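Okay, here's what each chain looks like letter by letter:
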Amino acid sequence: MRLKLAEPEIEGSFPRKGLNLRGSYVKRGQMTNIQVEDVSDIKKKIVVEVPPETVAEMLDAEYRDLKKTVQVKGFRRGKVPLEILRSYFREKVEADATRKIIEQTFEPGLEEKKITAVSVIKIEPESVQADKAFRYTAEIEVPPPIEVKDYKGLKLKKYLREVEEDQVDQRLQNLRERHATLSPIPDKRGIKDDDHVVADIKARQDGREIPDLTVSDYHLELGRDFYVPGFDEKIQGLTVGETSQVHLDLPDDFPRKNLAGKAVDFSVTVKEAKERVMPELDDDFAKDLGEYKNLEELKESIRKEMQVQLEERSTKEIEDQIIDALIEKHSFDVPESMVEKQIDLVLDRTRQSFVNLGLDPSRLPTPGQAERDQVRPSATRTVKAGLILNAIAEKEDVEISDEDLEAAIKKRAEELSFSVDYLKDQLEEHNVLEDMRSSLRQQKVFDVLKDSAEIVEEKAPSSDESQEEEVEKE
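Residues numbered from 1 in each chain as written. Predicted model: local features only at pLDDT ≥ 70, side-chain atom pairs only at ≥ 80, totals over all residues. Heavy atoms only, no water.

1. Examining the overall build of the protein chain
Of the regular secondary structure elements, the protein chain holds 12 helices and 12 strands. Relative to its length of 474 residues, the protein chain is extended, with a C-alpha radius of gyration of 33 Å against a globular reference of 23 Å. For the protein chain, the C-alpha atoms occupy an extent of roughly 100 × 70 × 45 Å along the three principal directions. Looking at the protein chain as a whole, 38% of its 474 residues are labelled buried. A separation threshold of at least 6 residues defines the contact pool for the protein chain, and within that pool the share at least 24 residues apart is 71%. (Helix = DSSP H or I, 4+ residues; strand = E, 2+ residues; numbered from the N terminus. Rg over C-alpha atoms; globule rule 2.2 N^0.38 Å. Buried < 20%, exposed > 50% of the residue type's maximum accessible area, 1.4 Å probe, protein only. Contact = heavy atoms within 4.5 Å.)

Pasting the structure below:
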């Protein structure tokens, strides 16, 4: 049995970090006494008292198990007298018995009292003695009590956007640039911005070589100034095979402090130069990108894809308005552990995005308190929204059936070009099937709220830049 976690799912699933408290409940004839005290709306104090006979049985069981395996000089295995075991291993046995008693009473006790714990803040046990009752005190976080109200008939706005033809053209241009090839520059043409150049560079200051800036076969994409500021402009016009001398004053904020503000002389030999050649925008280009008969079919496909993206943005805006309205109508404290887990999730996603770009994860800095505090407001909003939506789901009896879950898995498998069985196995292996069910449930709640809302359609503000953002997406 696992500690039940009540967690919002708006931004995705939370990692399950509950205590691993397993074991069978103590015998019901030896009733455990459980007292619950409300510390606040989101914290409870649990006092558990286990009767002396249960404690004695636990200690006896621990000594019997120990006797079977322990070796003590002068005694055969399994023949060590009990008083010797107590003398040598009392602290270990009492510690093991304490752990097992808590394992066998804590979660069942919460279930008995119908308490859903978000996290266990601390557990403080008293000492175990064979002839006395054993007591321990736990402090836990629980979901806040939320009496949902005024969630139907919300007044919302849907911003309408249409794909402009110049945006389709820009997307086509992006595709051409993505599929550009590198070809040697024409003979005798000097190098210029956007050319890819391979060069040997020798750097000197006051006649002495600068090892940090002296490189062979260095790759430059002219115009980006990746080598040193102002260098690319100085070598424009050079031809392949040409060597030139370049003088450059490094800026005062140059990263290498010993060179900041200094005059440096460079000897540059261009060994290779290539230019980016973009494919012609014609029917052949369209056919190379997929199952398109001609360029017009490609354009229409892009237009439809961009319109879907704009519709998705409008839907997200409506859902954000719903969340804002619900949070404004419901005031409550949120368990800190839920906020911390949401922060972990956001930072983990950010870290993974860098890894996906090819960065070595071991070289990425660990987020500090400043980074966590920066994420905290949005994480708190996400947690609050999830709790409210879950409360509405309970009130409206919104559930996700196994059939709904199977349909969602099938749809996702098609999007990822996976088999349904493979994707389902992966979801089960990573324990996220129930997270997916929770996410679907909350999406269903959004649908219920949108169906009852008063949605006014209007043209997106002229200052809206979302279309430009969508054009850049692929």
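2. Overview of the side chain of Arg-372
Along the chain, Arg-372 falls in helix H8 (residues 369-395). Residue Arg-372 is classed as buried on the basis of its relative accessible area of 16%. Looking at Arg-372, its side chain comes within polar contact range of the side chain of Glu-340, at 2.6 Å. Setting aside anything within four residues of it in sequence, one finds Arg-372 in contact with Glu-340, Ile-343, Asp-344 and Leu-347. (Polar contact = N/O pair within 3.5 Å; in protein donor to acceptor, adjacent residues only side chain to side chain.)

3. Concerning the nonpolar core
Ranked by internal contacts, the top residues of the largest apolar core, which has 32 residues, are Val-148, Ile-322, Leu-326, Leu-387, Ile-392, Val-445 and Leu-449. Taken together, the elements giving at least two residues each to this core come down to helix H6 (295-329), helix H7 (336-356), H8 and helix H11 (433-452). No other element matches the 10 residues that H8 contributes to this core. Leave out the neighbours within four places in its chain, and Ile-322 touches Leu-154, Leu-156, Phe-446, Leu-449 and Lys-450. One finds Val-93, Ile-102, Leu-110 and Val-120 within the second-largest nonpolar core, a separate group that totals 28 residues. (Core = buried A, V, L, I, M, F, W, Y, C linked by side-chain atoms within 4.5 Å.)

4. Structural notes on the sheet that holds strand E4 (residues 134-141)
Across the sheet, four strands lie side by side as E1-E2-E4-E3; this open sheet has antiparallel pairing. Either end of the sheet is taken by a strand with one partner, and the two such strands are strand E1 (33-40) and strand E3 (119-125). Within the sheet, the average angular offset between the axes of one strand and its neighbour, ignoring direction, is 20°. Pairing of E3 with E4, which is carried by six bridges, proceeds in the antiparallel orientation. (Pairing = 2+ DSSP bridges. Axes fitted to C-alpha atoms, helices over the stretch in contact; angles between N-to-C directions.)

5. A closer look at the pattern of salt bridges
Applying the stated criterion across every chain yields a total of 40 salt bridges. The salt bridge involving Lys-122 is made with Glu-124; its shortest N-O contact spans 3.7 Å. Judged by relative accessible area, Lys-122 falls into the partly exposed class, the value being 39%. Among the residues examined, Glu-124 registers a relative accessible area of 45% and is labelled partly exposed. A salt bridge links Asp-404 to Lys-444, with the nearest nitrogen and oxygen atoms 3.5 Å apart. (Salt bridge = Lys/Arg side-chain N within 4 Å of Asp/Glu carboxyl O.)

6. Some remarks on unusual backbone geometry
Of note in the backbone geometry, Asp-217 takes a positive phi value of approximately 50° without being a glycine. Among the secondary structure elements, Asp-217 is positioned in strand E9 (residues 215-221). For Ser-417, which is not a glycine, the phi torsion comes out positive at approximately 60°. Relative to the helices and strands, Ser-417 resides in the loop between helix H9 (402-416) and helix H10 (420-429).

7. Details of H8
Helix length check: H8, at 27 residues, gives a terminal C-alpha distance of 38 Å against a target of 39 Å (1.5 Å per residue), a fit within 8%. Remark: the principal bend of H8, roughly 45°, maps to Arg-376, with a proline, Pro-377, within the next four residues. (Expected span 1.5 Å × (residues − 1). Bend = angle between axes of the 7 residues up to and from the residue.)

8. Quick word on a negative patch on the surface
Together, Glu-177, Asp-193, Asp-194, Asp-225 and Glu-233 make up a negatively charged patch on the protein surface. The exposure class of Glu-233 is exposed, given its relative accessible area of 65%. (Patch = residues over 30% accessible without salt bridge, like charges linked within 9 Å, V, L, I, M, F, W, Y side chains within 5 Å. Areas by Shrake-Rupley, 256 points an atom, 1.4 Å probe, with all protein chains shown as cover. Lys, Arg positive; Asp, Glu negative; His and termini not counted. Charge placed at Lys NZ, Arg CZ, Asp CG, Glu CD.)

9. Comments concerning the packing of H7 against H8
Interhelical geometry of H7 versus H8 gives an angle of 115° and a closest axis separation of 8 Å. Here H7 and H8 pass one another in a crossing that is right-handed. Contacts between H7 and H8 involve Glu-336, Met-338, Val-339, Glu-340, Gln-342, Ile-343, Asp-344, Val-346 and Leu-347 from the first element and Arg-372, Val-375, Arg-376, Ala-379, Thr-380, Thr-382, Val-383 and Leu-387 from the second. Here the residues of the contact of H7 with H8 sort into nine nonpolar, three polar and five charged. (Left-handed = near helix turned anticlockwise from the far one by under 90°. Nonpolar A, V, L, I, M, F, W, Y, C, P; charged D, E, K, R; others polar.)

10. Overview of the pairing of E4
A regular strand carries its side chains on alternate faces of the sheet. Burial of E4 is extensive: six of the eight residues sit out of reach of the surface. Where strand E2 (residues 43-50) and E4 come together, eight bridges link them in antiparallel fashion. Its bridge partner being in E4, Val-47 is matched across the sheet by Thr-137.

11. Quick look at the pairing of strand E11 (residues 263-277)
The pairing of strand E6 (residues 181-184) with E11 spans four bridges and is classified as antiparallel. Within the sheet, the bridge partner assigned to Thr-181 lies in E11 and is Val-277. As defined by bridge partners, strand E7 (residues 196-205) adjoins E11 across nine bridges and the pair is classed as antiparallel. Of the residues in E11, the one forming a bridge with Ala-203 is Phe-266.

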